[in-house]
Each structure stands twice: as structure tokens, then as C-alpha cells.
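Commentary on secondary and tertiary structure
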Amino acid sequence: MVLMYRSNGNFEAFGRPLKPEGVDGRKAYFVGAGLASLAGAVFLVRDAQLPGSQITIFEELTLPGGSADGILDEHKGFIIRGGREMEAHFETLWDLFKSIPSLDTPDATVLDEMYWLNKTDPSTNPVRAIQNRGEHIEHMPDLTLTPKAVQEILTLALTREEDLDDKRIDEFFGEEFFASNFWLYWATMFAFEPWASAMEMRRYLLRFIHHIATLADLSSLRFTRYNQYESLIKPLVAYLEGHGVTFQYATQVLDVLVTDQGGTKTVTEMKLLVGGTTGGTEGEAGGSAGLTNGGEEQTIAVAPTDLVFITNGSITESSTFGDNDNPAPIVTDRGGAWALWKTMAERDRAFGRPEKFSEGIPEANWTISATVTLTDDKIAPYIERLTGRDPRSGHIITGGPCNIKDSSWLYGFTMSRQPHFAAQDPEKELIVWLYGLYSDKPGDYIKKTIRECAGWELTAEWLYHLGVPVDEIDDLAKNSASTIPCNMPYITSYFMPRAAGDRPLVVPEGSTNLAFIGNFAETVRDTVFTTEYSVRTAMEAVYTLLKVDRGVPEVFASSFDVRMLMNALYYLNDQKPLHEIPLPFGGRLIEKAALAKIKGTYIEELLQDARLI
Ligand SMILES: Cc1cc2nc3c(=O)[nH]c(=O)nc-3n(C[C@H](O)[C@H](O)[C@H](O)COP(=O)(O)OP(=O)(O)OC[C@H]3O[C@@H](n4cnc5c(N)ncnc54)[C@H](O)[C@@H]3O)c2cc1C
């Protein structure tokens, strides 16, 4: 019997698995049409060799993609709830996209297209943070960690995961750490808040240790040509439709019934609500609401050989949109993602504790993002002044976020390569994305909390921090831009403090035909709030349930690579060699003795390579 295994290296990466036994005649059902489900369906077709005609994907919304959105809404304009920072070591993601034909570049896969684009237009961030209304912060290339703060990072990294149940980040770090550029860059790059899970923070430290050297310029990031709906989701859907996979939209999965016989768990039935109307306002495309009105209940019998993959929970469920003159309404109870997970977990705690992620979310929380469409050329010069880059050049502009250090919302903006939508008129329109990590304080120009702001007010606050003369701000925000606020009440749910067992295992113990996929399912070592995590859990689910004999590419092992560890130490101390790093009393003597001992050895060579000696 083949048990799921992880591997690295080209033998497994380039190998194509044999068709596993017992695939024929099986059916597969996916709850949700987000990235996790789309990836899972591809792995079923490509690796398990299950015909696409045997696969059905149920989605409560009227379009696929889930959180990975990007749409031209006919009433509101261009909308992205977010943009995805990706990197070279999203191993399963690239494994997926090496097989998906691009829709934009002839004879190329999506991976080819990404690879070529990032070679010809590599991403760097010229202005990671600003302050004092449009000035670059001091010491921008440095992480400004004190020895105490570095020690706190090491302490958390060296703590065992099982000792971090329900712990918060601020239980490990003091004021010096939170005042550092490291924290400013880290928090705003990944959306961490001081109250967030220390377990997740530790995973990030280990998983992204190879990013420490590039935190100030974000040159490790990789971006798609357009928004991720167009560049990633659409090609996936085209591939799956081409293989005969059925997409059933406007269908909420209300319940999945599982029998438990002596610990063997098998799905027997699914209950659906088909064809109801969405609870969102008209034109609320991009996926916000679930089905709240009407619809017809249906039941599907699931055979023991059939397979059910559930994306449990969603960070974009219940998201709502405002417009230039109105804030996004606050709603928390729409949609099926949390409801289904809660229903299942109440019956069986092996399916996790959804309430740990969806309830008690602190007020000082990121919930608002906004899409700004610049409609004339009056605002673009302020972006060019900061970045030194022409927004209409077609090249990378901010290369990830530029954050405002002295903003009470901890506000930030990103301008991706333009056009960011294929339908955009690059001569006229430019797209900017805004977000603020603290929703509990009034702004510095607009004296309201970020949640209370209409679109133009969000842009006005941003223009104030860019250094636009105060008497021009309101006019530019109202007449030179159109801004769509988006409220995502669960956006930081992935980072809620949690304990072992709060997320169900990808394949719960004893399960014969049920798997959980996405960022609320538990796999080892990888980090949530990533596209990679959705794809990884999908691959592990398919390989486990169908016994696919091919290694799942393991999480990039940077934290096991002594070269990377030394490099991180060098950059954590702002590129100082060992003899300049302050050591505790007696440390210098030990250092001297140790250096004498390693003289002429391979260890000395490694330290020299890392510029530590
Ligand atoms: C603002 C923002 C910024 C982000 N930044 C990054 C980044 O920088 N880098 C990165 O890698 N990732 C980033 N992500 C995360 C990444 O986009 C997500 O992790 C990923 O897209 C999640 O995909 P998923 O399929 O696991 O879940 P989802 O996208 O949540 O999909 C779940 C789908 O299932 C449907 N569904 C759920 N329950 C039911 C039900 N009962 N019945 C029917 N349908 C149901 C939902 O409607 C939804 O469409 C970001 C996400 C957001 C929102």
C-alpha cells in the first residue's frame, strides 16, 4: 500500500506517476471552487488519472476563484480584494502550473509565462516604507533589530511547535522588536498583528528564512502578469472544463454526512441548496455572499468509493463592497464556508474547532482593502516621485507593498505592473490597491476608522500620506480616482491564535473518502495565508486518498540549510560580521576560542561565505 510521502529533487519532481489502482468508476466532489479545489481537481486528472467527467465542483457563488479574485464589475469598476505575493519556492504551486496552458501566451504554460516575465521584469521594491507625508523612512535597507530583539526571534524559532498552543506573538516580543523595521516589513508583508498566532509566526520565520536578506527590497517575490483571477484562476478553469469537469455554481453545500464505524469515517451523503439568490447587493461580483434566499434543497448519495474534498472556512466569506461615496457594509453571517465547517465539527471534533478562527477576532484587525482606479494623470506623479518609476511603463512599480510607518491605520499601497486587468485602458486607467492593518483608530487626515470610510475618503487618507498638498486632496480623491472599499471580516482568521487540533488534518484519521483542503486544514511546516498552502493541501489530499505513488514536493527546506541560517544571521544583524555583533558578557571570549578551533576547517569557510567572519 502506498502512503503519501514528501520528497525533494528532480527525480520525483519530473516523474509522472503510474495510474493508481482502483481509480476507474470513482466520482469526486469538491465543496468550493477556490484555488484549493481547482488544484485538487487538476491533480485528480493529471496524477491520479481520474477522468474529468467524474468530477463535480460545487460553488455557492456564481464564479470560481474564491479569495483569488479580480473582476471588472459592471456597476462598480475594477475590484481586487488582494494581490498575491508569490516566491520561487512555492513548490506545489509551480508543480501545478507547469501543466496548465497559458491563455495569454501561445504554446506556453502558466509557469513558463511567469518565469519569462519575472526574468525580463524582475520584481524589486524601491520604497518599502515612507513617513512624514512622502519621505522615505530612515535606514530603509536595515532591519534595525536590537540584540534583545534578535534574541527574541531566535527564542521563538527554537521553541517547539507543540509548546506554542494558543500563544500570541506579543507574548514573545518586547517594545524594541515592535519598533524595528523588521517588524514593520514583516507585519505589513504578511499581515501579522501583535495579537496573532505565535505558532504561525514561528512557521513563517522558519519557512521564509531565505527572505530575511530581501525583506527591505522584496526582490524574492514573483508576480503574475495580471491579477490572479485572470493569470491563475482562468487558465485552471479552462484546463478543467477542457477535461470535462462539471462546475455547478449557485450551489451551497449545507452538510456532509459522515458515518463513523469504529473510527473508520466515510462520507455517505451531501446536502445541497441549489439555485438560491445571493445575499449580496446587485453587481457584487468578485465573490462576497453566500446563498441566503430561496433555492431548492437536494441530497446526493455518496458511495464509499467516491471522494469528497472540502475547503473548510474562507477568509473572504461575507466580504462586502462599498463605492466612492459609501463605505463597505459590515456583515458577518453570509455564506456556507463557516456554516458547513461548524455543522461538521459540532458532530466530530476530529474535524477541528472553526470557532477558534471565526469568533473573537480582535478589533485592532485588518478588515479593509480598497481598489483605486486612477482616472487621469494627476495622482500618478506622486507615485513616480516616491518610486522613481513611471507607472505607465508596463514594468513592476512598487514590487509589493509600500507602507506608511507613521499612519495610525498602518496603511499601505501596492501598484502592480500595469495594466493589472486585461480590460484596463493603460493610457487612461491605473490600478492601486490599499489596505490598513489597524481598524480601531481614526485616520490621520480622515478622522474616522478605516471601516467607516467611503472610497474617496480611503484615497484621501492615502494621498495625505503621499504628500499631496492638503488643499488638493479632497478634489483629487473625488475627481481623479474611483475607489471601491472592501470589507473582509474574516481576512485575518488564518492567523488567529490556535492550538494543535484546531485545524482538521488534511485526511482525518480513519477517513476513507473525505479530505479537508485549503488554509484551514492542517499540514506540517507550511505557512497559511498562501496560495501554496491551498495547493499543497489539495495535492496531499489527492495523493493520500488515491494512493498516488509520487512524492509531494516538500516545503522548501531553507531552515535546514546551514548556509541560509548563517545568511539570515548576517542580515538580522544588519550585515555585521560576528565580531561586531554585541554578545552577552563572556561571549567574546567564547567566540575567540571557537574561532581558533574552527580555523582552517569547512566551518570557517561557511562563515566566510556568509560574511560573518
Ligand atoms: C486580500 C488577500 C491577500 C492575499 N495575499 C496573498 C499573498 O500575498 N500571497 C499568497 O500566496 N496568498 C495570498 N492570499 C491567500 C490566497 O489568495 C488564499 O489562501 C487562497 O486563494 C485560498 O484558496 P482556497 O481555495 O483555499 O480558499 P477560498 O479561496 O476561500 O475558496 C473557498 C471557496 O469555497 C466556496 N465555499 C466554501 N464553503 C462552501 C459551501 N459550503 N458550499 C459551496 N461553496 C463553498 C467559497 O465560496 C469559495 O469560493 C491572499 C488572500 C487575500 C484575500
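Residues numbered from 1 in each chain as written. Predicted model: local features only at pLDDT ≥ 70, side-chain atom pairs only at ≥ 80, totals over all residues.

Helices and strands together make up the secondary structure of the protein chain, namely 18 helices and 24 strands. Radius of gyration (C-alpha) of the protein chain: 24 Å, near the 25 Å computed for a compact globule of 613 residues. Overall, the C-alpha framework of the protein chain stretches about 65 × 65 × 50 Å when taken along its three principal axes. In the protein chain, which comprises 613 residues, the share counted as buried stands at 51%. Here the contacts in the protein chain between residues at least 6 apart in sequence split such that 75% fall between residues at least 24 apart. (Helix = DSSP H or I, 4+ residues; strand = E, 2+ residues; numbered from the N terminus. Rg over C-alpha atoms; globule rule 2.2 N^0.38 Å. Buried ≥ 20, exposed ≤ 12 C-beta atoms within 10 Å, placed from the backbone. Contact = placed C-beta atoms within 7 Å.)

Close contacts around the ligand come from 36 residues, with Gly32, Gly34, Gly66, Gly82 and Gly518 the closest. Counting residues per element, the ones that place at least two in the shell around the ligand are α2 (35–46), β11 (251–261), α10 (337–347) and α15 (531–546). In terms of residue count, the dominant contributor to the shell around the ligand is α2 (three residues). The residue makeup of the shell around the ligand, split by class, is 13 nonpolar, 18 polar and five charged. (Near = placed C-beta within 6 Å. Nonpolar A, V, L, I, M, F, W, Y, C, P; charged D, E, K, R; others polar.)

We now examine the domain arrangement of the protein chain. Partitioning the protein chain into domains gives domain 1 (17–104 + 226–299 + 312–361 + 495–549), domain 2 (110–130 + 362–487) and domain 3 (558–609). For domain 2 versus domain 3, the separation of C-alpha centres amounts to 40 Å. (Domains from an automatic or database assignment.)

Across the two faces of strand β2 (residues 28–31) the burial is the same, with Ala28 and Phe30 and Tyr29 and Val31 all buried. Both β2 and strand β3 (residues 55–58) contribute to a ladder of four bridges, which runs parallel. Note on β3: the bridge partner recorded for Phe30 is Ile57. For the crossover that starts at β2, traverses α2 and ends in the parallel β3, the hand is right-handed. Pairing analysis gives four bridges linking β2 to strand β16 (residues 307–311), with the strands arranged parallel. The partner of Val31 across the bridge, within β16, is Ile310. (Pairing = 2+ DSSP bridges. Right-handed = clockwise from strand over helix to strand, strands pointing away.)

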